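Observations on the model geometry
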Amino acid sequence: MNNSLFTQLLDLACGAFLLAAVVVLWRRELAAIVRLFALQGLALAAIALLLGLHEDRWDLIVVAAGIGALRASLLPYLIRRALDALVADRTRDQDGARAYTYSEEVRETEPLVNVAASLLTAAALTLLAYAVARPLVELDPTPATRALPVGLAVVLIGFFVLVTRRRALAQVVGFLLLDNGITATAFLAASGVPLIVELGVSFDVLLAVLVLQLLTARVREAFGTTDIDDLRELHD
Amino acid sequence: MSVIPAALATATALGVAGAVAGLVLPQRVRSAVVGVLTAGVGVAGGTAGVAALGGSRWAAEVPGLLPLAGTHLAVDALSGLFMAVAGAVVAAVAVYGVGYVAGHGSHGAHGLGSRGAQALLPLFALSLLLVPAAASVSTFLLLWELMALTSLLLVLAEHRARPAVREAAVWYAVMTHLGLVLLLAGLMVYAAQAGGETFAALRAGTAGISPTVRGLVFVLTAVAFTSKAGLVPLHAWLPRAHPESPSAVSALMSAAMVNLGVYGLVRVGFDLLGGGPAWWWLLVMAMGGLSAVYGILQAAMASDLKRLLAYSTSENMGLVVLGVGAAGLFAHAGDKALAGLALAAALLHVVNHSAFKALLFTGAGSVLRATGERNLDLLGGLRARMPVTAGLFAVGALGAVALPPGNGFISEWLLLQSMIHGLAVPGVTMAIVLPLAVAVIALSAGLAAAVFVKALGVGFFARPRAVGAAAAKESPPLMLAGMGLLAAGCATLALVPGLLGEGLDRAVAAVGFAGTQPVSGGGLQVRLHDVSAQLSPLWVVAALMVALVMVTATAGWAARRRQRRTQARLWDCGGGAPTPRMAYTATSFAEPLQRVFDDVLAPEQDVDVTPVRESAYLVERVKFRNRVPDRIEHRLYRPVLGFLATAGQSARRLAGGSVHAYLGYGFFGLVTLLLVLVVGW
Amino acid sequence: MNTVGYTAIALQVGAVAAGAPLLTGLMRQTRALLEGRAGAGLLQPWRDMRKLLRKEPITPVGTGPAFRWAPPLLVATSLVLAVLVPLVSTVTPVHARADLIVVVALLALGTLALALAGLDTGTAFGGMGASREMTIAALVEPTILMSVFALSIPAGSTNLPVIVAGAVDQPARLTSPAGLLAIAALSVAVLAESGRLPVDNPSTHLELTMVHEAMVLEYAGPDLALVEFGAQLRLAVLLGLLASLFAPWGIATSASLTAVLLALLLVVLKVALLGMALAAAEVFWAKLRLFRVPELLAGSFLLALLAVTASYFLGGER
């Protein structure tokens, strides 16, 4: 694969990766957010694949396939199932008040920071990521390291989602964005971590999602909503 | 060579003569004579400025005039630019002022026509012209204070008519003198470190001063100067003093006095200190950007026409200072040509802003005089009653919205070009600051369009919404003449900015940047390294005119037969002719923006529902109140004022009323000082 | 060279003026077919215009020069834009003056004229439309200038023909992340500037949702014809601008008559395709609430800002 084509494709994949994170802030429907997360998983897999092809490393290609399977299909599927469980539960006993809370449940109706401000914050975070990554990039300016700020930006945006969104599932996605960002940073900075570490991390993430999925169901059963602000009640 | 001293001497003589005339002449002829003399001050000062812009320089020392230090004066192209602007504004506003005072029994005019105010007006005008000519710290501070005091007293001119004037004057007095204290401290430290108090000595001594002290001097003076320029967060005096002072004075303050804040910043920052590290200029840019956006947002919310214009001054000075900061940043990065371009853009915007803002304030003054009303919600319909004023106001508004046939567009275009091309300068700071600066300029330009559509459309168009506006009459010819002069200035700046080309270049060169000749010939050309851009305002206007003629001609031809336009009732979706009460007011016009920027503006809304006595469900009266307070002022000034008030209360305990105690304080103070001296040395 | 240049301009302006109503007709027809209606045909906007122009000109009582002159001014700004924007050729006699910031400012001037006219009527609807339009216009400005910034970085100039010619020379500029982000951002800004869905619904007359239509409610006869023509011209020029910026292939970069004619054919095709795609998309879109529009614009501003930073940081050499 020639160099300029590689650079372009890599930049495109990174662009899609960042864009998916940004659009997560934009959308309110949890279903759409999950779809975007799957899309981001694909972009991440593409980054790994491109790096693998460029450096002729088969292990990276295998990792890319693994990432694709886990982050673009399995994790979104699990979150989707949790979401559907919420919906199914609500439609079963659809009296007036409940039907109302149902519509609240599948949408991030009122994030702590409104959407327009979230988007502007994302812009600021991206600028910050670029500024912070500048010295790192200058150590070894290859096309891959030059895209490093994208990974950092996604980490920051993921953290921001975690801080400002109310729904438990949106938070799960925020956590996963953060993890995606870390993985991407690792790939772009050092062409990935050893296979065994990658496996461990993936397994960890999978477990975390499963646990959070269970937790979400419990939270809803206890409080009738997944708005995690209500967890404050546990304090008293 | 001899033009400048002669002109300055004439201006001073006329100014003093005007002050004397204002004091001694009887009311009948007072305003006419003072007006003519003040206009003379303006013309003479403007001549000196133009001569300096044309390349002459002049410096002089008058040892005996001031004790200890003597008076130092010097005029270079940079001073010339500010003197020319101030001179032109003073001349036009003086003509306007004669008409403004002349009408008897009209609203608020007696304040400016009084003996004291008429004596102060020429002195204020003179101080505006002389501040840029000062060439030593003591001369500068003296003239600066003369300007502050005369303007303060002029702000007070109408204090009998409205109690709000007094409060505004207190704010202005306190803030302008806090600024003076900072300036005094900064320049004193500078002079002490540099070993001389003339500007030449300061310039020569800068190299030997440690960077920390230089930074301290810059921060102190920059805060003082930006406060004078009305920049956030030290802007609080501006939206108070400008609306409450007589309109001619507001025009002078807003179009000539605030400029001197920029002058001071450029003179001290670039010329004397010779530029500085990046953080100075980042600080300046942050203040500029914040004021630009915050000022125009507050202007968008304001219903008071003069308050709106005052906040718009804050915005425009913000843009200017943004340009100055960018120039400093480019100079720090070593790109002199780009720094010259940014500074030229900022200075051109100063000129443009003065032209349109003086016109807008005088226009607002005419409206106030004709209707007794500054509240846009209660105006309307003036287009039919004061057609010339409305037309002239529209010319000013066109300049303020920064769109093509207006003069403001040209300088904002240059400013944008300097920012866009600045990305070629290496550095992460540039890559982050410049896009943000472009966004700030764009947002403030967009909001400015909404603001002036509101001012013009709601204030002058449609039908009158109150008695005052319905009874309005066109202003007397002298006022219109003054405004006409300003409008002609706007049009000239808009169509042939090239006239300023060389002068602007010399002004930029005077502070050490070889200019790039950005404004030359009829059009504007920016040429930097391998990059070029071009704007031809004259061509754009001509093309628009041709297209307009073609469109009307074609439409007329397509209609086949010539038909007379017939009048018909307003349709209003079948609602029939609406009453003026149904029209959109300034408040309702601004409501969507208020909602969009809810988080920034934090408006206060109360709804009082009074039910009928018999039933809680029937409503007798609903009272709705919507206020957009100045949030920065709230957050920043309240705590400080509160703290001062508490401190003052507790200090009362010291003043128990005993004379012995008071004498004792003095005694202890003296003894302590001596002890410190003994121990310390 | 000059003859060809002037021919190119004349062809371009002629094509825009004649084609703008046809473009609107095409878009309405596409929409009608997709919705299962027969549609009024491509020529309907022209027929409407002929009908309106022949009606008696009417001035509502209490309106003034702003109301009277806004429609011709709107059309005039759009025509000047049609001269400036390089649709057919990048080597025209005006190529040095075609600055992208001027183009943006002229667009805003047209908007401003109509808003003033809306306020001049003194009706509640006129004021409402003007207020909403200016709110949107104020918020679009940062997005659009930031896209201008992003586009001007690779070319090193804000001059439109230079940008377009540069993109023809190096198509890679367009497929870079910066280029794609700038396309997305500018497209949203164009939707807002031309008053299309999801920002404003051009075919609504429902009081609470109107923006553009509310401002022009009082116009009738020839004035209305000009207002509609102006809006059509704006849409055509803006779509043409998008086509030239992001799919510049085929535009004449030399002064040859055949190239110009070919470019004319291509640009008509590109704009027609864009228009049909937009019309098809509009079938599936709903109008956004007015107070959701800032979110959309904040999003597109973010894209534009990312485009600027991406082109700087991924740019390499600097």
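Residues numbered from 1 in each chain as written. Chains lettered and ligands numbered in written order. Predicted model: local features only at pLDDT ≥ 70, side-chain atom pairs only at ≥ 80, totals over all residues.

Let's talk about the overall build of chain C
The helix and strand inventory of chain C stands at twelve helices and one strand. Counting helices and strands in the order they occur from the N terminus, chain C gives α-α-β-α-α-α-α-α-α-α-α-α-α. Taking 318 residues into account, the globule formula puts the C-alpha radius of gyration at 20 Å, and chain C, at 19 Å, falls close to it. Taken over the C-alpha atoms alone, chain C extends approximately 60 × 45 × 45 Å along its principal axes. Buried positions account for 65% of the 318 residues belonging to chain C. Contacts in chain C between residues at least 24 apart in sequence constitute 81% of all its contacts with a sequence separation of at least 6. (Helix = DSSP H or I, 4+ residues; strand = E, 2+ residues; numbered from the N terminus. Rg over C-alpha atoms; globule rule 2.2 N^0.38 Å. Buried ≥ 20, exposed ≤ 12 C-beta atoms within 10 Å, placed from the backbone. Contact = placed C-beta atoms within 7 Å.)

A few points about the nonpolar core
Counting 448 residues, the largest nonpolar core has Phe17(A), Ile47(A), Ile157(A), Val173(A), Leu252(B), Val438(B) and Ala449(B) as the members making the most contacts within it. Top contributing element to this core by residue count: helix α18 (residues 428-460) of chain B, with 23 residues. When residues no more than four places from it in sequence are discounted, the contact partners of Val173(A) are Val24(A), Ile33(A), Val34(A), Phe37(A), Ile79(A) and Val161(A). (Core = buried A, V, L, I, M, F, W, Y, C linked by C-beta atoms within 7 Å.)

A short note on the UniProt feature "transmembrane region" (unreviewed entry) in chain C
As recorded in UniProt, the feature "transmembrane region" (unreviewed entry) lies at residues 6-27, 73-94, 100-122, 134-154, 174-192, 233-251, 257-284 and 296-315 of chain C. Annotation note: span residues 257-284 of chain C, helix share 100%, strand share 0%, distance between end C-alpha atoms 41 Å. (UniProt positions renumbered as here; feature names shortened; annotations may be inferred.)

So, the interface of chain C and chain B
Across the contact, 74 residues belong to chain C and 70 residues belong to chain B. Listed by contribution, the elements that provide at least two residues to the side of chain C that touches chain B are β1 (58-60), α3 (65-84), α4 (100-120), α5 (124-155), α10 (221-246) and α12 (293-313) of chain C. For the side of chain C that touches chain B, the leading source of residues is α5(C), giving 20 residues. Note that strand β5 (residues 566-568) of chain B and β1(C) share three bridges and pair parallel. By the bridge assignment, Ala568(B) is partnered in β1(C) with Pro60(C). (Pairing = 2+ DSSP bridges.)

Here's the deal with the interface of chain C and chain A
If you look at the interface, chain C gives 16 residues, while chain A gives 18 residues. Mapped by element, the contributors of at least two residues to the side of chain C that touches chain A are α7 (172-175), α8 (177-193) and α12 of chain C. Of the residues belonging to the side of chain C that touches chain A, the class tally is eleven nonpolar, four polar and one charged. (Nonpolar A, V, L, I, M, F, W, Y, C, P; charged D, E, K, R; others polar.)

Considerations on the pairing of strand β6 (residues 604-611) of chain B
Residue and element names in this part refer to chain B. Of all eight residues in β6, zero are buried; the element is thus mostly exposed. Here β6 pairs with strand β7 (residues 619-627) via eight bridges, running antiparallel. Residue pairing across strands places Asp-606 opposite Arg-625, the latter belonging to β7.

Structural notes on the confidence of the model for chain C
On average, chain C scores 88 in pLDDT, and the residues at 70 or more come to 98%. Model confidence for the complex: the whole-complex pTM is 0.90, and ipTM, which rates the interface, is 0.94. (pLDDT = per-residue confidence, 0-100.)

Overview of the environment of Gly323(B)
Residue and element names in this part refer to chain B. By the element assignment, Gly-323 lies in helix α13 (residues 305-333). The buried category is assigned to Gly-323, around which 32 C-beta atoms lie within 10 Å. Sequence separation between Gly-323 and Pro-163 is 160 residues; the distance between their C-alpha atoms is 38 Å. Setting aside residues up to four positions removed in sequence, Gly-323 forms contacts with Ala-342, Leu-343, Ala-345, Ala-346, His-349 and Leu-415.

A few points about helix α21 (residues 501-510) of chain B
All names here are of chain B. With eight of ten residues buried, α21 is to be regarded as a mostly interior element. For α21, every residue scored as buried is listed here: Gly-501, Gly-503, Leu-504, Asp-505, Arg-506, Ala-507, Val-508 and Ala-510. Tucked inside the fold, the buried residues of α21 contact α2 (27-53), α3 (77-102) and α14 (336-371). Positive phi appears at Gly-512, one or two residues downstream of α21, with a value of about 105°.

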